[in-house]
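Structure at a glance
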Amino acid sequence: MATSIKSKIKSIRELKNYTQEYMADQLGVTQAGYSKIEKGKTILSYVKLVEIAKILEVSVEDIISFDSQRYFNSFNTVKGNNNNGSILINSSNDEALKELYEDKIKLLEKLLNKTEEELNRYKRKFGQI
C-alpha cells in the first residue's frame, strides 16, 4: 500500500523532532490548520508542499519518495560489536544521523531561548518568583 504525502510529511517532521506547533508557526497557520494538512482534511497545494519541504530542509522529491520502512531498516543494519557492549550502526547513515541530532539541538536551543524570554517577561510583569 502506498504511503500518502500527508503521512510522509508527518514522518519526516517527527524524525526532525519538529512539533506541529513549530511547523504551523513557520507556515503562518494555526496548529489546528497544520494538523488538518497531516490528516488530509485540507487540500495541499504544490506551493504549500514546497514551503513544508523548505521548513523540513528536504526537497519535494525527498518527501514524495520517502520510505520510512527503508529509512529505519538502514539504521538497523548492524556492522558488528566493538567489544564494549555497543554496536556500530551502518556508517553510511552517520551524516544523516548527525544532521538529525544537530537539528534537534537547534530546536532545543530555540525552545530554551523562548522559555527564558517568557520567564523574563513574567518576572518583569509580576516581579521575582
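First, a word on scope: everything that follows refers to the structure included in this document.

Basis of the calculations
Residues numbered from 1 in each chain as written. Predicted model: local features only at pLDDT ≥ 70, side-chain atom pairs only at ≥ 80, totals over all residues. Heavy atoms only, no water. Helix = DSSP H or I, 4+ residues; strand = E, 2+ residues; numbered from the N terminus. Buried < 20%, exposed > 50% of the residue type's maximum accessible area, 1.4 Å probe, protein only. Contact = heavy atoms within 4.5 Å. Core = buried A, V, L, I, M, F, W, Y, C linked by side-chain atoms within 4.5 Å. Axes fitted to C-alpha atoms, helices over the stretch in contact; angles between N-to-C directions. Parallel < 35°, antiparallel > 145°, perpendicular 65-115°, else oblique. Left-handed = near helix turned anticlockwise from the far one by under 90°. Nonpolar A, V, L, I, M, F, W, Y, C, P; charged D, E, K, R; others polar. Patch = residues over 30% accessible without salt bridge, like charges linked within 9 Å, V, L, I, M, F, W, Y side chains within 5 Å. Areas by Shrake-Rupley, 256 points an atom, 1.4 Å probe, with all protein chains shown as cover. Salt bridge = Lys/Arg side-chain N within 4 Å of Asp/Glu carboxyl O. Lys, Arg positive; Asp, Glu negative; His and termini not counted. Charge placed at Lys NZ, Arg CZ, Asp CG, Glu CD. Phe/Tyr/Trp six-rings, centres within 6.5 Å; stacked < 30°, edge-to-face > 60°.

With that settled, the discussion passes to the overall build of the chain. Scanning the chain for helices and strands turns up 7 helices and 2 strands. When the helices and strands of the chain are listed from N to C terminus, the series reads α-α-α-α-α-α-β-β-α. Sorting the 129 residues of the chain into buried and exposed places 23% on the buried side. A separation of at least 24 residues holds for 52% of the contacts in the chain among residues at least 6 apart in sequence.

Another aspect to go through is the nonpolar core. Of all hydrophobic cores here, the largest spans 18 residues; its most connected members are Ile 9, Met 23, Tyr 34, Ile 52, Leu 56 and Ile 63. Sorting the residues of this core by element identifies helix 1 (5-15), helix 2 (20-27), helix 3 (31-39), helix 4 (46-56) and helix 5 (60-65) as the ones contributing at least two each. For this core, the leading source of residues is helix 4, giving 5 residues. The contact partners of Ile 9, leaving out residues within four places of it in the chain, are Tyr 34, Glu 38, Leu 44, Leu 49, Ile 52, Leu 56 and Ile 63.

A separate point is the packing of helix 2 against helix 4. The contact between helix 2 and helix 4 brings their axes to 10 Å, and the two run at 120°. By the criterion of interaxial angle, the relationship of helix 2 to helix 4 is oblique. Here the hand of the crossing between helix 2 and helix 4 comes out right-handed. Counted together, Tyr 22, Met 23, Gln 26 and Leu 27 of helix 2 and Lys 48, Glu 51, Ile 52, Ile 55 and Leu 56 of helix 4 form the full contact between these two elements. Looking at side-chain class alone, the contact of helix 2 with helix 4 contains 6 nonpolar, 1 polar and 2 charged residues.

For any two helices packed against each other, the geometry comes down to the angle between their axes and how far apart the axes lie. Taken N-terminus to C-terminus, the directions of helix 1 and helix 3 make an angle of 120°; their axes are 7 Å apart at the nearest point. By the angle class used here, helix 1 and helix 3 are oblique. Here Lys 6, Ile 9, Lys 10 and Arg 13 of helix 1 lie close against helix 3, whose contacting residues are Tyr 34, Ile 37, Glu 38 and Lys 39.

Within the element layout of this structure, Asp 103 appears in helix 7 (residues 94-126). Accessibility expressed as a relative area gives 8% for Asp 103, which makes it buried. When the C-alpha positions of Asp 103 and Lys 16 are compared, they lie 6.6 Å apart, and in sequence the two are 87 residues distant. Those residues in contact with Asp 103 that sit more than four places away from it in its chain are Lys 16, Tyr 18 and Glu 57.

Where helix 2 is concerned, the buried positions are Gln 20, Tyr 22, Met 23, Ala 24 and Leu 27. Positive backbone phi, approximately 75°, marks Gly 28, located one or two places after helix 2.

Turning to a positive patch on the surface, a few remarks are in order. On the surface, Lys 10, Lys 36, Lys 39 and Lys 41 cluster together into a patch of positive charge. One can find Lys 39 in helix 3.

Summed over all chains, the structure comprises 2 aromatic pairs. Between the aromatic rings of Tyr 18 and Tyr 22, the centroid separation amounts to 4.7 Å while the plane-to-plane angle is 50°, which identifies the pairing as tilted. Here Tyr 18 matches Tyr 22 in class, with each residue buried.

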